[in-house]
Amino acid sequence: METAPNSLTGRIILVTGAGYGIGRTAALTYARAGATVLLLGRTQEALNDTYDLIEAENLPQAAVLPFDLEQHDEEPFRQLAELIEENFGHLDGVLLNAGVLGQRTTLENYDWNTWQKVMQINVNGQFALMKHLLPLLRNASNDASVIFTSSSVGREGRAYWGAYSVSKFATEGLMQVMAQELENTSNIRVNCINPGGTRTSMRAAAYPAEHPSNVPEADTIMALYLHLMSPASIGTHGQTLDAQPKK
Ligand code: NDP
């Protein structure tokens, strides 16, 4: 999957969970392709570190947007969209990458508060964010791309993956509903990526016995992230795609 260099020149792309893991690598990848990247996440210092990596390569200046997706009110999402509109006018892309793992245990033992937290961050926060960002994507000059992040446990339920697995089914559903609603009525394409096992702190928490060197690093899965964000993928809509070949 070849994507032209500078395929994102002049584009404004929001990446959630941009301070760590796959999100940080995706933000850097988009900046290297010419985009101005808005770095959203909970931990300001981590976002600052991603910002510095982009600065160090003399890439288009990024923006740091500290924001906790675990909101129980809609208003902060509206205010965030307003802030982005005031400063940037529109968005050309959103990578919905932020997520939490929750517990690895049976449903019977699953902690109620952890369940709420996982669903709030992985599902409700994404819905609220997109509800308020869609108008900014409609303002995009040409095409715009929304990418959700799924998982193999969001396609087939797996024991002991609890709220995480259920939240990823919901993510696939959110993507499908949004894709149908936008079909033929807008310049916005909506798709889902399953990154596959990738060397991050979430993967280490999910598989504590695994040696990290046996898991691919995030920069090895970026071809699909770049392709779906760039104009090369115009016409790809409502799909759920794997960033790594199936084992
Ligand atoms: P990490 O745990 O490394 O990163 C998760 C990111 O989400 C962090 O930047 C974190 O930032 C952010 N985040 C978590 N909670 C919130 C919140 N409340 N508000 C805002 N941001 C938040 O995970 P990965 O990089 O591994 O995962 C990225 C995505 O890929 C996730 O959606 C995950 O489910 C999915 N995935 C990952 C796989 C893997 O093997 N790594 C496999 C399949 C899917 P902060 O801590 O500052 O909040």
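Scroll up to find the structure.
Keep in mind that what you see is a predicted model, and the values were worked out from it rather than measured.

**Q** Hey, could you run me through the sheet that holds strand E1 (residues 12–16) in this one?
**A** Hydrogen bonds between backbone atoms are what pair the strands of a sheet, whose relative direction is either parallel or antiparallel. Within the open sheet, the seven strands sit side by side as E3-E2-E1-E4-E5-E6-E7. Their pairing is parallel. With partners counted over all chains shown, the strands left at the sheet margins are strand E3 (63–66) and strand E7 (240–242), one partner each. Averaged over all pairs of adjacent strands, the angle between strand axes in this sheet comes to 20°, irrespective of strand direction. Of the strand pairs in this sheet, strand E5 (residues 144–149) and strand E6 (residues 188–194) are connected by six bridges, and their pairing is parallel.

**Q** What should I look at first to understand the pattern of salt bridges in this one?
**A** Any two side chains of opposite charge can pair, on the condition that their charged atoms come close. Applying the stated rule across the entire model yields 11 salt bridges. Of the charged contacts, one joins Lys131 and Glu74 as a salt bridge, the two residues approaching to 2.6 Å between their closest N and O atoms. With Lys131 in helix H4 (residues 112–138) and Glu74 in the loop between E3 and helix H3 (75–88), this pair connects stretches of sequence that are 57 residues apart. Taking the relative accessible area as the measure of exposure, Glu74 reaches 37% and is therefore partly exposed. Between Arg155 and Glu172 there is a salt bridge, with its nearest N and O atoms 3.5 Å apart. Here Arg155, found in the loop between E5 and helix H5 (162–182), pairs with Glu172, found in helix H5; they are 17 residues apart in sequence, far enough to count as distant. Owing to a relative accessible area of 31%, Arg155 belongs among the partly exposed residues under this scheme.

Rules of the game
Residues numbered from 1 in each chain as written. Predicted model: local features only at pLDDT ≥ 70, side-chain atom pairs only at ≥ 80, totals over all residues. Heavy atoms only, no water. Pairing = 2+ DSSP bridges. Helix = DSSP H or I, 4+ residues; strand = E, 2+ residues; numbered from the N terminus. Axes fitted to C-alpha atoms, helices over the stretch in contact; angles between N-to-C directions. Salt bridge = Lys/Arg side-chain N within 4 Å of Asp/Glu carboxyl O. Buried < 20%, exposed > 50% of the residue type's maximum accessible area, 1.4 Å probe, protein only.

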